[in-house]
Each structure stands twice: as C-alpha cells, then as structure tokens.
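Single-letter residue listing:
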Amino acid sequence: TRTKVAIVGGGPAGLMLSHILGRNGIDNIVVERQSIDHVASRIRAGVLEYGTAELLKQHGLAERMLREGKPKDGTLIVWENRPDFFIDLTRWTGRQMWAWGQTYIQEDLHRALIASGAQLVHEAGDVALHDVTGNPSLTYEKDGVRHRIDCDFICGCDGFHGPSRHAIPKDGRREYERVYPFAWLGIMVECPPLENFTYAYHSDGMAMAAQRNPMLSRYYVQVPLSDRIEDWPDDRFWETLLRRLPDHLAGQVRTGPSIEKSMAPLRSFVSEPLRWGRLFLAGDASHIVPPTGAKGLNLAFSDVFYLSRALTTHYLEGSDHYLDTYSEMALRRIWAAENISWRLTKMLHVFPDETPFDQKLRESDYDLLLRSEAAQQALAHEYLGLPFET
Ligand code: FAD
Ligand code: DHB
C-alpha cells in the first residue's frame, strides 16, 4: 500500500491528525496496536484548554462537548489551614476551559473517521518504522499477515511506550526527564461531582476532585509509588480523600462504590527534536507531563495543530516553512507546559525527602498566589494554555 502520511498510534493525537488531514484531502492511514474497545476504555484526561476546545469546534468535533460538557471559569486550589484560592480564568483571561473527557473525544473522533471512510488499522502487531530519513515505510502484522505501507511521512503518535521515538538514533536525540517518587491513585464514581475541579494540598499528600458529567465524578489522591491498587479499597480511599480536603468541601463530597480505579506514576519527560528526516513525533510519544495542571491531552492536541498545519501547507501550498519549524515551535509550548506542570506538582505534593526549608518555600509560593494579582494573572494564563503561534 502507498499513502501520503502513515500515522503510528490511534490515541487522541493520531486520530485528530488523521481527521484534520482527511478534511484537507490528504491521504493517510492510522496503525494502532490495540483494539478499538481497548483504546476507548482507557480513562484519562478531563480538562480541555480554551485552545483545545476551539480546535474541536473548528474541525466539527465539538457538538457533544457544547451540549453535554461544562464550561469552567477556573479551578480551585485549597490548602490545609489556609484560605482557598481560585484560578480565575474569566477574570484574568476572559476565557473558559471545558470539563469534557478524553474518552468522549476519542469516541467522536472514531465515529467521524469511520463516517468519512478513513483508513484505520487496529490490532496491528509488531509495528516497525523503516528508512525514516530516506523512503519511509511502516510494516506491521495483522491476522498472521505481514503488511507494508510506503509513505511520504511517518507521524509518531504512539504514546510514551511506542516505537516511533526510538526510530531516531540515540545520538540524534536528547532526553530530559524527572521521575517523581509518588503516583496518583484515581477512582471513577457514579455520583454528582463537586462544583469545581479542586487541587488540595495537605501535609499527608495531595488530593484532587475532578468531574466528567453531572453523575460522574473522578477523584485522585497522591500515594507512594510502592503502593498497589489492592492496597486501596474504596473505604480507605474515601477516608484519605475526605481527610485531605478542608471540612467545607469534604462535607459536599458524594461517595459511592468506585466503578474504576487506576494508578498513574508521575513523570516529566521531553525528547528533542520532534523531527528526524521524514519522521515527526506528536503527543506523549515525545513528552510526558505529570497530571497536575491537566496538560497532557492538551499538549498532544497543540502538537497536532502545528503538525497538521505543517503537512497541509506542504501538500496544498507547496511550502515547507511549517514542516521545518515544527519541532522548534511545538517545543516552546511543550516546555511552557512542562514548566507549569512541574511547579504545580512541586507546590501541591509532599515529597518524601523534603526539608522544612522546602515546606516554607511551598507555603510562600501559595501565599504569593493569595496576595499578588500579578502572580494570579500569570498562573491563569499558563493554566488556560498559551495561544498557538502563527
Ligand atoms: P496516547 O493516548 O498514549 O495514544 C498512543 C496510542 O498509540 C495508543 O492508543 C497506543 O495503544 C498506541 N501505540 C502504542 N504503541 C504502539 C505500537 N507499537 N504500534 C501502534 N500503536 C501503538 N492527562 C490529563 O491531562 N489528565 C489526566 O487525568 C490524565 N490521566 C492519565 C492517565 C494515564 C494512565 C495516562 C497514561 C495518561 C494520562 N493523561 C492525563 C495524559 C493524557 O491522557 C495523554 O497526554 C494523552 O492521552 C496523549 O495522547 P497521545 O495520543 O499522544 O498518546
Ligand atoms: C483531571 C483534571 C485535572 O485538572 C488534572 O490536573 C488531572 C486530571 C481529570 O479530570 O481527570
């Protein structure tokens, strides 16, 4: 088979890229390792930046979000023995975020792609990239048969564990990484959520309240990396969450049996560059942020915004300007998100090796937010998400 763009990975980055290319008449194929059901069942992000919501609108994917999602004026930060703080997006940026789940976006993308006759291969085994600086091709196995796709470009949208990043030779690549000594344990529960997305600092560890819809809440607590899901029966989870929230919020939490429970280790990671010859990386394939700040999915979409613009100007206008500047441009926004995600993670979590000095700085960071309008404004802009570069 021959196509213009071969896309490795059918997560949100790969499907969104395929969708935008398809709308511009650019032939492409998505090759995904997992089944459709498996991809659809992964519970992940729930907060969309302003720019992500706009991108969905522009590409005809926002109907359900506008109907069933919830626009949000900001996010709450609460603190043991200190006043609450609201990241007031409306006040400082004039814009809103959306409470809308990655799972729903994945479903809508999938439906739109099927309706438009897009080429999606699921359950592809042993996916491999070849000759990415010359005549690129992808090979994979499906139902015992080996397949080969020749293409102009390969887009690696295959997440942190996928093969694409490794198709760049080790000496052509630089990795930056910070691994955190804790994880987030998350549960989903069929109960009405708190009004606001809420991050809670507590001397025992962070807690967080999130939401998916009027009858679906998601909660997280910081746990040691060595813990296992079996260590956290629902009773222990609720007791921990409620203790870490201030009384006025703990009293509003509606508890119930969890319908899902999962653990995610925290990591900051960037691999540079995002381009190697005819290979381009987007999303988790080239960078990971810790979940504090809700940037992971948003960053995957901003990469796709830049990459789809680069490929459409290449094919429709014959200009390679955006292809040539993709890595540099996308990385500026990636580092901004790494930065805010790290600062929020540091401020809101308890680190096992921290000193009283670290604790004083943490309190001082929070006090600055409470008192300084300049600090509030800066955080609001970073949390909302920086604008895409033109
Ligand atoms: P992915 O969603 O990882 O998609 C990559 C796709 O590539 C997958 O479908 C995978 O099956 C496929 N693939 C992998 N290897 C191969 C291969 N060899 N061949 C073919 N296909 C392959 N972000 C938030 O903002 N908030 C959250 O609460 C949050 N929770 C998260 C929880 C977990 C457990 C994880 C892992 C991430 C979470 N994230 C969260 C991050 C967010 O979900 C990701 O940033 C986002 O999914 C990135 O999209 P992506 O398409 O780049 O990568
Ligand atoms: C979710 C929301 C957040 O604001 C965040 O930082 C992490 C996860 C969520 O909705 O799951």
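Residues numbered from 1 in each chain as written. Chains lettered and ligands numbered in written order. Predicted model: local features only at pLDDT ≥ 70, side-chain atom pairs only at ≥ 80, totals over all residues.

Participant: Honestly, the pairing of strand 11 (residues 145–150) in this entry has me stumped. Any pointers?
Facilitator: The side chains of a regular strand alternate, first on one face of the sheet and then on the other. Within strand 11, only 0 of the 6 residues are buried, which leaves it mostly out in the open. Pairing of strand 10 (residues 137–142) with strand 11 involves 6 bridges; the strand directions are antiparallel. Bridge assignment links Glu141 to a residue of strand 11, and that residue is Arg146. In this structure, the hairpin formed by strand 10 and strand 11 is closed by a connection of 2 residues, where Asp143 is found at a positive phi of approximately 50°. (Buried ≥ 20, exposed ≤ 12 C-beta atoms within 10 Å, placed from the backbone. Helix = DSSP H or I, 4+ residues; strand = E, 2+ residues; numbered from the N terminus. Pairing = 2+ DSSP bridges.)

Participant: Before we go on, may I ask you to explain the site of ligand 2 in this structure?
Facilitator: Inspection of the region around ligand 2 gives Ala45, Gly46, Val47, Phe197, Ala210, Arg218, Pro291, Thr292, Gly293 and Ala294 as its neighbouring residues. For the shell around ligand 2, the per-class residue count stands at 6 nonpolar, 3 polar and 1 charged. Among the domains, domain 1 (5–70 + 99–177 + 267–350) and domain 2 (182–265) are the pair contributing at least three residues each to the shell around ligand 2. (Near = placed C-beta within 6 Å. Nonpolar A, V, L, I, M, F, W, Y, C, P; charged D, E, K, R; others polar. Domains from an automatic or database assignment.)

Participant: Got a minute to help me understand the environment of Val189 in this structure?
Facilitator: Tracing the chain through its elements places Val189 in strand 13 (residues 174–189). For Val189, a count of 23 C-beta atoms within 10 Å gives the class buried. Residues Val189 and Val270, spaced 81 residues apart in sequence, show a C-alpha to C-alpha distance of 33 Å.

Participant: For this particular structure, what's the right way to read the site of ligand 1?
Facilitator: Taken together, 33 residues sit near ligand 1, with Gly9, Gly11, Gly159, Gly283 and Gly296 positioned nearest. Breaking the shell around ligand 1 down by element, the ones donating at least two residues are helix 1 (12–23) and helix 9 (296–317). Its residues assigned to classes, the shell around ligand 1 comprises 15 nonpolar, 12 polar and 6 charged.

Participant: What's the story with the sheet that holds strand 14 (residues 198–201) in this structure? I'm lost.
Facilitator: By definition, the strands of a sheet pair up through backbone hydrogen bonds, in either a parallel or an antiparallel sense. If you trace the 8 strands from one edge of the open sheet to the other, you get 6-5-14-15-16-13-17-20, paired in mixed fashion. Whereas interior strands pair on both sides, the edge strands pair on one side only; in this sheet they are strand 6 (82–88) and strand 20 (287–288). In the packing of helix 10 (residues 321–348) onto the sheet, the strands contacted are strand 13, strand 14, strand 17 (258–272) and strand 20, and the crossing angle to strand 17 comes to about 125°. (Contact = placed C-beta atoms within 7 Å. Axes fitted to C-alpha atoms, helices over the stretch in contact; angles between N-to-C directions.)

Participant: How should I be thinking about the UniProt feature "domain: FAD-binding" (unreviewed entry) in the protein in this particular structure?
Facilitator: Following the UniProt record, the feature "domain: FAD-binding" (unreviewed entry) maps to residues 2–338 here. Helix makes up 32% of residues 2–338 and strand 33%, with an end-to-end C-alpha separation of 37 Å. (UniProt positions renumbered as here; feature names shortened; annotations may be inferred.)

Participant: Mind showing me how you'd approach the nonpolar core here?
Facilitator: Where a protein is soluble and globular, its nonpolar side chains tend to be buried together. Grouped together as the largest cluster of nonpolar side chains are 101 residues, with contacts concentrated most on Ile7, Leu17, Ile154, Cys155, Ala282 and Leu307. Each of two domains, domain 1 (5–70 + 99–177 + 267–350) and domain 2 (182–265), supplies a minimum of three residues to this core. Among residues more than four places away in sequence, those in contact with Leu307 are Leu17, Cys155, Phe280, Ala282 and Tyr326. (Core = buried A, V, L, I, M, F, W, Y, C linked by C-beta atoms within 7 Å.)

Participant: Before we go on, may I ask you to explain unusual backbone geometry in this structure?
Facilitator: Leave glycine aside and you will find that most residues have negative phi; peptide bonds, for their part, are mostly trans. The omega torsion across Glu272 and Pro273 is -5°, close enough to zero to call that bond cis. Of note, Pro273 is situated in the loop between strand 17 and strand 18 (275–276). Even without being glycine, Glu123 reaches a positive phi, approximately 55°. When you line up the elements, Glu123 lands in the loop between strand 8 (119–121) and strand 9 (125–130). In the Ramachandran plot, Asp131 falls in the positive-phi region, its phi being about 50° despite a non-glycine side chain. Examined against the element boundaries, Asp131 turns out to sit in the loop between strand 9 and strand 10. The class of Asp131 is partly exposed, set by 14 C-beta atoms lying within 10 Å.

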